[in-house]
Amino acid sequence: TLTYFAEHHPDFSHDAIKRYLEEEKLTARMVWEQVKGQVVSSEQGYLAFDDTVLDHQSSFKIELVRRQWSGNAHNVIKGIGVVTCVYINPELDTFWVIDYRIYDPERDGKSKLEHVWEMLDNALYDKQLSLRGVLMDSWYAERKLMLHIERLGKVYYCPLKSNRQV
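None of the values given here were measured: they were computed from a predicted structure.

Reading guide: rules and limits
Residues numbered from 1 in each chain as written. Predicted model: local features only at pLDDT ≥ 70, side-chain atom pairs only at ≥ 80, totals over all residues. Heavy atoms only, no water. Core = buried A, V, L, I, M, F, W, Y, C linked by side-chain atoms within 4.5 Å. Buried < 20%, exposed > 50% of the residue type's maximum accessible area, 1.4 Å probe, protein only. Contact = heavy atoms within 4.5 Å. Axes fitted to C-alpha atoms, helices over the stretch in contact; angles between N-to-C directions. Helix = DSSP H or I, 4+ residues; strand = E, 2+ residues; numbered from the N terminus. Parallel < 35°, antiparallel > 145°, perpendicular 65-115°, else oblique. Nonpolar A, V, L, I, M, F, W, Y, C, P; charged D, E, K, R; others polar. Salt bridge = Lys/Arg side-chain N within 4 Å of Asp/Glu carboxyl O. Arc of directions from axis to C-beta.

### Quick word on the nonpolar core
Phase 1: Formed by 26 residues in total, the largest nonpolar core has its most connected members in Val39, Leu47, Phe49, Tyr87, Ile98, Leu120 and Met136.
Phase 2: Look past the residues within four positions of Ile98 in its chain and what remains in contact with it is Ala28, Val31, Trp32, Val35, Val39, Leu47, Cys85, Tyr87, Ala123, Lys127 and Leu129.
Phase 3: Counting residues in hydrophobic clusters, the runner-up holds five residues, among them Val31, Ile80, Val82 and Tyr100.

### Quick look at the packing of helix H5 (residues 112-126) against helix H6 (residues 143-151)
Phase 1: Direction vectors running N to C along H5 and H6 enclose 10°, while the axes themselves pass 11 Å from each other. Between H5 and H6, the crossing angle belongs to the class labelled roughly parallel. Within the contact between the two elements, H5 uses Leu113, Val116, Trp117, Leu120 and Asp121 and H6 uses Lys144, Leu145, His148, Ile149 and Arg151.
Phase 2: Tallied by class, the residues present in the contact of H5 with H6 amount to six nonpolar, one polar and three charged.

### Quick notes on the pattern of salt bridges
Phase 1: Summed over all chains, the structure comprises seven salt bridges.
Phase 2: For the salt bridge of Lys36 with Glu33, the shortest nitrogen-to-oxygen distance reads 3.3 Å.
Phase 3: With a relative accessible area of 41%, Lys36 lands in the partly exposed category.
Phase 4: Salt bridges sharing common partners tie together Asp99, Arg101, Lys110, Glu118 and Lys127.

### Things to note about unusual backbone geometry
Phase 1: Backbone geometry places Asp93, a non-glycine residue, at a positive phi of 55°.
Phase 2: Considering the arrangement of structural elements, one finds Asp93 in the loop between strand S3 (75-89) and strand S4 (94-103).
Phase 3: Since its relative accessible area comes to 72%, Asp93 is described here as exposed.
Phase 4: With phi around 60°, Gln128 is a residue other than glycine that occupies positive phi space.
Phase 5: Along the chain, Gln128 falls in the loop between H5 and strand S5 (133-136).

### Describing helix H3 (residues 28-35)
Phase 1: Of the positions making up H3, those classed as buried are Ala28, Val31, Trp32 and Val35. One side of H3 carries all its buried residues, which in axial view fall inside an arc of 95°. The exposed residues of H3 that point more than 90 degrees off its buried face are Arg29 and Gln34.
Phase 2: Contacts made by the buried residues of H3 are with S4.

What follows is the structure, encoded as C-alpha cells:
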C-alpha cells in the first residue's frame, strides 16, 4: 500500500506517492522496463497471481470503478480491480512485480482468468523467465487454465474451495 511504502521509505510521503500515481500513467510495460534489469530468473522460480480491488467507495465519476467482490472487505464494494503477476526466486528469497492488468470487462471483454493466461504466456515467451510453477488464488482454479499450465510443463498450486469438484 502507499502507506506501507511511505513508512519504509522516509524520502517519500504517502501524499507525494498518491499524487504521483494520480498524475502519472504507469503501464504494465513500464513496470517491466523498470524491474527487468533486477529480476534474477531461476529454474526453481514461480509466478504468483492474485487480484485486489482498490477501494473507491465514494467515487461516482472514475470510469474504471465498478461494483465487485473484495476479499479484504468481505463484501461487494465500488473499486478498481487489478490482477497482479509477481515473479518469485526462492533461491534468493526475492520477488518482483513484473506485470499487472486492470480488470475492466466492459471495455476489454476479458475475464480475470484471461488476464492471468496472458500474463503467464507473456512471462514465459516475451520476458523469457524460467520457472517451475504457478501459485494462484482459488479464484483461478479453473480447468482450462490448469490444463494450460500442465501443457507448459509447469506445476501449479491453488487452494480449492469445498464446493469445487476435482
